[in-house]
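# Working through the structure, step by step
Here are the chains, one letter per residue:
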Amino acid sequence: MHRIVLIGPPASGKGTQCKRIESLLGVPTLGTGNLLRREVESGSDLGQEVDGYLSKGAYVPDGLIMRLVQSWMAEHGEAGWLLDGFPRTLAQAQALESDSGFQAPSLAIALDVPQAVLEGRINNRRECSECGATFSVVNGTMDICPDCGGALVSRADDDLENFRARYANYRDLTQPLFDYYAAQGKLLVVDGTASPDDVYSVIENHLTQEVS
Ligand SMILES: [Zn+2]
């Protein structure tokens, strides 16, 4: 059974790989961002508690996230899962192994991308001022949205500042998971600087060999 944790810094292409792994294996994906949003929208007691943190821009505490993940797993996780953005901390990873209602992952896939490469991606990112679609502009030549014809704008300064804060968090809190999963022999490190297709083919090879 596949129980996979996907680890990677912001802008590492995790979302793209997640979708492809999900359709390869047919396992449900838990993205903690989506999970939190859905809970808030549901208006449940837990959702209102979550909203109290999110609306202040504060971190949702570990314990609250653990409860949400636990109920998601009880509902969807019987035949395996893929986790995106969780565990985010060593404490969460340890709880996933040992707390009741959770199961240990069978594999951790880490996308390895140096900070300078990630910042380059953010500098090349453009957003459509009309429809909000985002594009990567390698030589700065594209200025019209191919979807709707709106003007493409760069938010690189804002995004870079935001990225650096999130990256520092990732480096301090999440990167220790590399060692944690490596010590268990569960870590697959993938060079995330390659194209999305090449990154995926490394992951796909590993997963299909694991099955056979
Ligand atoms: Zn557009």
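Residues numbered from 1 in each chain as written. Predicted model: local features only at pLDDT ≥ 70, side-chain atom pairs only at ≥ 80, totals over all residues. Heavy atoms only, no water.

### With respect to the confidence of the model for the chain
How we decide: Each residue carries a pLDDT score, the predictor's confidence in it, ranging from 0 to 100. Secondary structure counts use DSSP, requiring at least four H or I residues in a row for a helix and at least two E residues in a row for a strand, with both numbered from the N terminus.
Overall, the predicted model of the chain reaches an average pLDDT of 90, with 98% of residues at or above 70. Across the chain, the secondary-structure element scoring lowest on mean pLDDT is strand 6 (residues 134-136), at 87, and the one scoring highest is strand 8 (residues 187-191), at 97.

### A look at the pairing of strand 3 (residues 81-84)
To keep it simple, the criterion reads: The classification of residues rests on relative accessible area computed with a 1.4 Å probe and restricted to protein chains. Under 20% of the type maximum is buried, over 50% is exposed, and intermediate values are partly exposed. Strand pairing follows a simple DSSP-based rule, namely that at least 2 bridges must link the two strands.
Side-chain alternation along strand 3 places Trp81 and Leu83 on one buried face and Leu82 and Asp84 on a second face that is also buried. Taken together, the 4 bridges between strand 1 (residues 3-7) and strand 3 define a ladder with parallel strand orientation. When the sheet's bridge partners are listed, Val5 is paired in strand 3 with Leu83. Bridge count between strand 2 (residues 29-31) and strand 3: 3 bridges; the pairing is parallel. In the sheet register, Leu30 faces strand 3, and the bridge partner there is Leu83.

### Some points on the packing of helix 5 (residues 90-98) against helix 8 (residues 176-183)
Between two packed helices, what matters for the description is the angle formed by their axes and the separation of those axes. To keep it simple, the criterion reads: In this description, a line fitted to the C-alpha atoms serves as the axis of each element, helices being fitted only across the stretch in contact, and the angle between N-to-C directions of two axes falls anywhere from 0 to 180 degrees. The cut-offs work like this: below 35 degrees is roughly parallel, past 145 is roughly antiparallel, 65 to 115 is roughly perpendicular, and the gaps in between are oblique. It only takes one pair of heavy atoms within 4.5 Å for two residues to be counted as in contact. Side-chain classes are defined by residue name, with Ala, Val, Leu, Ile, Met, Phe, Trp, Tyr, Cys and Pro counting as nonpolar, Asp, Glu, Lys and Arg as charged, and the others, Gly among them, as polar.
For the pair helix 5 and helix 8, the least separation of the axes is 9 Å and the interaxial angle reads 30°. Between helix 5 and helix 8, the angle is such that the two are roughly parallel. For the pair helix 5 and helix 8, the contacting residues are Leu90, Ala93, Gln94, Leu96 and Glu97 in the first and Leu177, Tyr180 and Tyr181 in the second. Broken down by class, the residue content of the contact of helix 5 with helix 8 amounts to 6 nonpolar, 1 polar and 1 charged.

### Brief notes about the nonpolar core
Filter applied, for reference: Residues grouped as a nonpolar core are buried Ala, Val, Leu, Ile, Met, Phe, Trp, Tyr and Cys residues, joined through side-chain atoms within 4.5 Å.
One finds Val5, Ile7, Val69, Met73, Leu83, Leu96 and Tyr181 to be the most contacted residues of the largest nonpolar core, which totals 35 residues. It is helix 4 (residues 62-76) that provides the largest number of residues to this core, a total of 7 residues. In this view, Val5 contacts Trp81, Leu83, Phe86, Pro87, Leu96, Pro105, Leu107, Ala108, Ile109 and Tyr181; residues no more than four positions away in its chain are not counted. Ranked by size, the runner-up nonpolar core spans 14 residues in total, among them Ile4, Ile21, Ile203 and Leu207.

### Observations regarding the layout of surface pockets
Worth spelling out the cut-off: Of the grid points, spaced at 1 Å and generated over the protein atoms alone, those admitting a 1.4 Å probe that cannot get out make up cavities, while open sets with protein on both sides within 12 Å along at least five of seven lines make up pockets; any residue with an atom within 4 Å of a point is treated as lining. Grid points are joined across faces, edges and corners, and a volume is the space filled by probe spheres set on the points.
Reported here for the largest pocket is a volume of approximately 1,200 Å³. In terms of lining residues, the largest pocket is bounded by 41 residues, among which Lys14, Thr32, Asp84, Gly85 and Arg166 are the most central. For the lining of the largest pocket, the elements supplying multiple residues, two or more each, are strand 1, helix 1 (14-25), strand 2, helix 2 (32-42) and helix 7 (156-174). Among the elements that take part in the lining of the largest pocket, helix 1 stands out by supplying 6 residues, more than any other. Residues that form the lining of the largest pocket fall into these classes: 18 nonpolar, 15 polar and 8 charged. Taken together, 21 residues form the lining of the second largest pocket, with Ala11, Gly13, Arg121, Arg125 and Ser136 sitting closest to its centre. Every element with two or more residues in the lining of the second largest pocket is listed here: helix 1, helix 6 (115-123), strand 5 (125-128), strand 6 and helix 9 (196-211). Across the lining of the second largest pocket, the residue classes break down as 7 nonpolar, 8 polar and 6 charged.

### Let's talk about the coordination of the zinc ion
The test is simple: Any N, O or S atom lying within 2.8 Å of the metal counts as a donor, with the limit raised to 3.2 Å for Na, K and Ca; because water is left out of the atom set, some sites can appear incomplete. For a four-donor site, all angles between 85 and 135 degrees give tetrahedral; for four or six donors, opposite pairs above 155 degrees with the remaining angles between 65 and 115 give square planar or octahedral; all remaining cases count as irregular.
Protein-derived ligands of the zinc ion are Cys128 (SG), Cys131 (SG), Cys145 (SG) and Cys148 (SG), with the metal-ligand distances lying across 2.3 Å. Taken together, the 4 donor atoms coordinating the zinc ion and their angles of 99 to 116° define a geometry best described as tetrahedral. Along the chain, the residues that donate to the zinc ion are spaced as C-x2-C-x13-C-x2-C. Accessibility expressed as a relative area gives 2% for Cys128, which makes it buried. On the basis of relative accessible area, Cys131 is assigned to the partly exposed category, the value being 43%.

### A short note on the side chain of Thr174
Just so we agree on the cut-off: Polar contact is the term for a pair of N or O atoms within 3.5 Å; when the atoms are in protein, one must be able to donate a hydrogen and the other to accept it, and sequence-neighboring residues count only if both atoms are side-chain atoms.
Here Thr174 shows up in helix 7. From its side chain, Thr174 meets the backbone oxygen of Arg88 in a polar contact 2.7 Å long.

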